[in-house]
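Below, each chain spelled out in residue letters.
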Amino acid sequence: MKFKKPQIKLKSLKSINYVLMKYFILLASLLILLVEVIFFMVVSSSLESHARNRLTGIGGEVATFMTANDDFAVSGYLRRYRQEGINVVVLSQGGEVLLPFDDSLNENYADEISYIKEQFKDFGGSSLLYSKNNSLNYVSVIDYHGGSYLFANYSLKIINGTRNILLVYFILVGIFVLLAAALFSYSVSQRLSSGIKNLSSTAERFSKGDFNVNFTNSEYKELAVLSDTLNSVRDEVKKSDSFQRELLANVSHDLKTPLTMIKAYASMIREISGDNPQKRDKHLQVIIDEADRLTGLVNDVLNVSKLTSGINEINCKVFNFTEFLYGIINKFEYLQETQGYKIMVDVDANLYTRADEEKIGQVIYNLLGNAVNYTGEDKTVFISLKSSLDGDRIKLKIRDTGKGIAKEDLPEIWNRYYRSRETHSRPVKGTGLGLNIVKIILQNHSFDFGVESELGNGSTFWVDFPSVPAEIDVE
Ligand code: ADP
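First, a word on what this report is: a plain description of the structure on this page.

Calculation rules
- Residues numbered from 1 in each chain as written.
- Predicted model: local features only at pLDDT ≥ 70, side-chain atom pairs only at ≥ 80, totals over all residues.
- Heavy atoms only, no water.
- Helix = DSSP H or I, 4+ residues; strand = E, 2+ residues; numbered from the N terminus.
- Rg over C-alpha atoms; globule rule 2.2 N^0.38 Å.
- Buried < 20%, exposed > 50% of the residue type's maximum accessible area, 1.4 Å probe, protein only.
- Contact = heavy atoms within 4.5 Å.
- Areas by Shrake-Rupley, 256 points an atom, 1.4 Å probe, with all protein chains shown as cover.
- Lys, Arg positive; Asp, Glu negative; His and termini not counted.
- Charge placed at Lys NZ, Arg CZ, Asp CG, Glu CD.
- Axes fitted to C-alpha atoms, helices over the stretch in contact; angles between N-to-C directions.
- Parallel < 35°, antiparallel > 145°, perpendicular 65-115°, else oblique.
- Left-handed = near helix turned anticlockwise from the far one by under 90°.
- Nonpolar A, V, L, I, M, F, W, Y, C, P; charged D, E, K, R; others polar.
- Pairing = 2+ DSSP bridges.
- Phe/Tyr/Trp six-rings, centres within 6.5 Å; stacked < 30°, edge-to-face > 60°.

As a further point, take the overall build of the chain. From N to C terminus, the chain includes ten helices and twelve strands. Radius of gyration (C-alpha) of the chain: 51 Å, far over the 23 Å computed for a compact globule of 475 residues. Principal-axis analysis of the C-alpha atoms gives the chain an extent of 160 × 55 × 40 Å. The 475 residues of the chain split such that 36% are buried. Look at the contacts in the chain between residues 6 or more apart in sequence, and 65% of them connect residues 24 or more apart. As presented, the chain carries roughly 28600 Å² of accessible surface, and 57% of it is formed by carbon and sulfur atoms. For the chain, the separation between the mean place of its 53 positive charges and that of its 57 negative charges on side chains is 8 Å.

Structure (structure tokens):
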């Protein structure tokens with residue numbers, strides 16, 4: 001058995017590796033961006049608040065120092081702040097630099113002073129922290145030379161420079177982490193997909209007809225379940241393949257025997273018994289029986305293939321089940337007359353059911369045929385058709401007295417091509433299709449059915465039918 005390769009447009013499909021990597025890298029980028037933006041905002045705002053705190057702190061430091069030191073010492077003290085990048089000066093009311101004593105400081109702060117005075121006038125207070133012209137300024141009124149200003153300023157360019165350096169670092173770290181994430185996601189996706197690739201290459205070998213493949217994957221739970229399922233599919237296909245081979249061998253063998261008989265008896269009639277009516281009739285009967293067997297065999301094969309390919313649909317109608325069953329039993333009468341079979345009947349009168357009459361006929365023929373074939377030396381078969389106590393259901397039971405069916409064979413007998421290894425009292429020629437046909441028909445009707453059997457105690461096959469009033473036939 002070989003499977004046709006499915007026609008998948010591979011080009012339009014994405015590989016698992018690609019999708020996994022894409023989403024992992026996308027997620028990693030988002031996380032890196034989020035962390036870096038938050039970190040950058042926190043760091044840069046703390047840089048600025050540190051500068052603010054430092055500037056206001058300087059006000060207090062200088063005021064304390066001035067009370068205990070002379071101008072020269074204060075001048076030196078103020079210059080020290082330049083190491084931190086902070087310019088600290090004492091300004092007169094007109095904006096001239098009073099301290100520190102430094103010739104290079106001839107800058108006039110008149111504009112600044114008038115801005116400060118305006119602010120004090122508008123908002124009151126004696127100290128002010130403000131940003132202006134890209135620098136952070138602090139001013140406080142001090143008691144020096146009858147009222148001066150302590151003015152400290154810190155260029156924001158320093159903070160911006162630090163920020164820029166931080167940004168470069170963040171970008172470099174981001175790129176590095178992203179590369180690491182890509183590498184990691186690549187190795188994870190490779191590991192994940194390698195299991196799937198293994199299964200897929202095994203499945204391809206399987207599809208080419210190699211039934212000895214073994215699907216293995218114990219690394220991931222889902223793939224292990226899939227492997228298990230594929231292994232059982234393989235077993236089923238293997239079984240069905242060998243069953244089909246067996247059936248072909250069986251059917252060809254079973255076809256050959258009656259054909260040989262027919263040919264032999266036809267030749268006998270022509271050459272020997274043609275003029276002897278008694279012998280001729282006997283020989284002709286053999287030919288008729290063998291032809292019947294051939295027809296039965298061919299019908300079984302045809303029926304099962306028709307049923308499974310869904311050509312046969314169920315056409316339900318209400319019919320008199322009791323009469324219908326008697327009709328079938330009567331056809332088995334010749335067995336009673338010619339071969340000593342006993343068919344014991346226990347049937348309730350006028351039971352009506354709703355089903356596909358023709359197909360239910362097939363079911364009963366097959367069950368009755370099996371019972372006749374497999375019953376014991378007493379050649380007795382029991383048929384009962386009984387209404388349930390509430391009158392809702394009808395139970396058909398067909399019992400024989402044969403060797404029965406082994407417990408382990410019970411679930412198997414309904415499978416196509418199944419024939420038990422058990423030898424029966426009479427050599428039985430079958431195809432192993434009969435019960436499969438029964439199963440398909442009853443399942444199509446959604447009727448319950450089953451078998452009760454014990455080795456040595458015969459078998460009882462039963463089917464549960466709905467009981468309907470005679471008049472109603474709802475389509
Ligand atoms: P077959 O054509 O071989 O009878 P079936 O599908 O009708 O095929 O039955 C499948 C197998 O089930 C038979 O080969 C036989 O082993 C077993 N079986 C069916 N009916 C009976 C029965 N009444 N008693 C014992 N065994 C049975």
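Moving on, there is more to tell.
Before going further, it helps to spend a moment on the packing of helix α7 (residues 321-331) against helix α9 (residues 357-374). Contact geometry of α7 with α9 gives a least axis separation of 11 Å together with a crossing angle of 45 degrees. Looking at the two axes, α7 sits oblique to α9. Every pair of crossing elements has a handedness; the one defined by α7 and α9 is right-handed. Taken together, the residues of α9 that come into contact with α7 (itself represented by Phe321, Phe324, Leu325, Ile328 and Lys331) are Glu357, Ile360, Gly361, Ile364, Tyr365 and Leu368. Counted by class, the contact of α7 with α9 contains eight nonpolar, one polar and two charged residues.

You can see Ser218 is positioned in the loop between α4 (156-207) and α5 (221-271). Sequence-wise, Ser218 and Phe40 are 178 residues apart; in three dimensions their C-alpha atoms are separated by 46 Å.

Okay, the pairing of strand β1 (residues 86-91) next. For β1, the tally of buried residues reaches five of six residues, placing the bulk of the element in the interior. Pairing of β1 with strand β5 (residues 148-155) involves six bridges; the strand directions are antiparallel. Paired with Val88 across the bridge in β5 is Ala152. Here two bridges tie β1 to strand β2 (residues 97-99), and the two strands are oriented antiparallel to one another. Note that in β2 the partner of Leu91 across the bridge is Val97.

As a further point, take the sheet that holds strand β12 (residues 459-466). Read from one edge of the open sheet, five strands run β7-β9-β10-β12-β11, paired in mixed fashion. Each end of this open sheet is capped by a strand with a single partner; those strands are β7 (342-347) and β11 (449-453). Taken over all neighbouring pairs, the strand axes of this sheet differ in orientation by 15 degrees on average, direction set aside. Where β11 lies against β12, five bridges are found, and the strand directions are antiparallel. Along β12, the bridge assignment pairs Val451 with Phe461. Where α9 meets the sheet, it contacts β9 (380-387), β10 (393-400) and β12, and its direction lies at approximately 25 degrees from that of β10.

Looking now at the packing of helix α1 (residues 16-68) against α4. Running from amino to carboxyl end, α1 crosses α4 at an angle of 160 degrees, the nearest separation of the two axes being 8 Å. Classed by the angle they form, the pair α1 and α4 counts as roughly antiparallel. Along this stretch, α1 crosses α4, giving a crossing that reads as right-handed. Tallied by class, residues from the contact of α1 with α4 come to 27 nonpolar, nine polar and four charged.

Before going further, it helps to spend a moment on the packing of aromatic side chains. Considering all chains together, one arrives at 18 aromatic pairs under this definition. Look at Phe72 and Phe101: their rings are 5.1 Å apart centre to centre, the planes differ by 50 degrees, and that puts the pair in the tilted class. You can see Phe72 sitting in helix α2 (residues 71-79) and its partner Phe101 sitting in the loop between β2 and α3 (110-123), a full 29 residues away along the chain. Using a relative accessible area of 38% as the deciding quantity, one classes Phe101 as partly exposed. On the basis of an interplanar angle of 65 degrees and a centroid distance of 5.7 Å, the ring pair of Phe206 and Phe211 is categorised as edge-to-face. A residue is classified by how much of its surface remains accessible, and Phe206, at 9% relative accessible area, is buried. Taking relative accessible area as the criterion, Phe211 reaches 10% and is therefore assigned buried. Members of the aromatic cluster, each reached through a chain of ring pairs, are Phe319, Phe321, Phe324, Phe447 and Phe465.

By themselves these figures say nothing about function.
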